[in-house]
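Report on the structure
In case you want the letters, here they are:
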Amino acid sequence: MNAVCLVALAIGPIMAANDPGTLDASQDDLAKLQGTWLTVSLVNDGKTLVGENTPPKKGPTTKFAYEGNKWMVKVGDRTVATGVFKIDATKTPKEIDILEETGVKNDKTKLGIYEFDGDAYKFCLAPAGKPRPTDFTSKAGSGHSLGVSKRDKP
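So, here's what we can say about the structure. (Residues numbered from 1 in each chain as written. Predicted model: local features only at pLDDT ≥ 70, side-chain atom pairs only at ≥ 80, totals over all residues. Heavy atoms only, no water.)

**Quick look at the overall build of the chain**
Each helix and strand counted, the chain has two helices and nine strands in total. Moving toward the C terminus, one meets the helices and strands of the chain in the order α-α-β-β-β-β-β-β-β-β-β. By residue count, 27% of the 154 residues in the chain fall in the buried class. By sequence separation, contacts in the chain at least 24 residues apart represent 42% of the contacts at least 6 residues apart. When the accessible area of the chain is evaluated, it comes to approximately 9,600 Å², of which 57% is carbon and sulfur surface. (Helix = DSSP H or I, 4+ residues; strand = E, 2+ residues; numbered from the N terminus. Buried < 20%, exposed > 50% of the residue type's maximum accessible area, 1.4 Å probe, protein only. Contact = heavy atoms within 4.5 Å. Areas by Shrake-Rupley, 256 points an atom, 1.4 Å probe, with all protein chains shown as cover.)

So this is what it looks like as structure tokens:
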């Protein structure tokens, strides 16, 4: 194999990883995710916690907020959990990694998938240390959390 072929093989994957189209897709989704989202439904390990058939919850509303690459869970005006996240909009389904505050991928990282449908945001997360879900389901015994949120409009 000649030197030109070796160079092409070596830099091809690097160029693909830095393809502007690849970066643009994730940047576009990052921009879509910014802001506050109200929980419409939430199923954890097959059990519906929030949904159209669950009784209305008394007290402050739970919201997810995304600012830059940081996420927060807010109950009323109080922030109850924070961290950072990474997305990859080039995968099918699109991928999201929920990391602890340090931003380091470790045994506390939750791997998930997500999608947008207008002003709705759907996600499915595996428990920390478990493989990424391949579909948007939360069956009993899976440990998966399946959520649907709508953009909070001020």
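**Digging into the pattern of salt bridges**
Under the definition given, this model contains eight salt bridges. Between Asp119 and Lys153 there is a salt bridge; the shortest N-O distance is 2.9 Å. Remark: Lys153 occurs in the segment after strand S9 (145–151) and Asp119 occurs in the loop between strand S7 (110–117) and strand S8 (120–125); sequence separation between them is 34 residues. Ionic contacts of the salt-bridge type, sharing partners, join the residues Asp29, Lys32 and Lys94 into one network. (Salt bridge = Lys/Arg side-chain N within 4 Å of Asp/Glu carboxyl O.)

**Points about unusual backbone geometry**
For the bond from Thr92 to Pro93, the omega torsion is -5 degrees, close enough to zero to count as cis. Following the sequence through the fold, Pro93 ends up in the loop between strand S5 (78–88) and strand S6 (94–99). A positive phi angle, close to 55 degrees, is found at Asp45, a residue other than glycine. Relative to the helices and strands, Asp45 resides in the loop between strand S1 (35–44) and strand S2 (47–50).

**A word on the nonpolar core**
Counting residues in hydrophobic clusters, the biggest one holds 16 residues, and the most contacted among them are Leu33, Trp37, Tyr66, Phe85, Ile96, Tyr114 and Tyr121. Of all elements in the fold, only strand S3 (62–67), strand S4 (70–75), S5, S6, S7 and S8 reach the threshold of two or more residues within this core. Considering every element that reaches this core, the biggest residue donor is S8, with three residues. (Core = buried A, V, L, I, M, F, W, Y, C linked by side-chain atoms within 4.5 Å.)

**Looking at the pairing of S7**
Pairing analysis gives five bridges linking S6 to S7, with the strands arranged antiparallel. Among the inter-strand pairings, Ile98 is bridged to a residue of S7, identified as Lys110. With six bridges joining them, S7 and S8 adopt antiparallel strand pairing. When the sheet's bridge partners are listed, Glu115 is paired in S8 with Lys122. From the end of S7 to the start of S8, which pair antiparallel, there are two residues, and Gly118 there has a positive phi angle of about 65 degrees. (Pairing = 2+ DSSP bridges.)

Function cannot be read off these values alone, since they describe shape.
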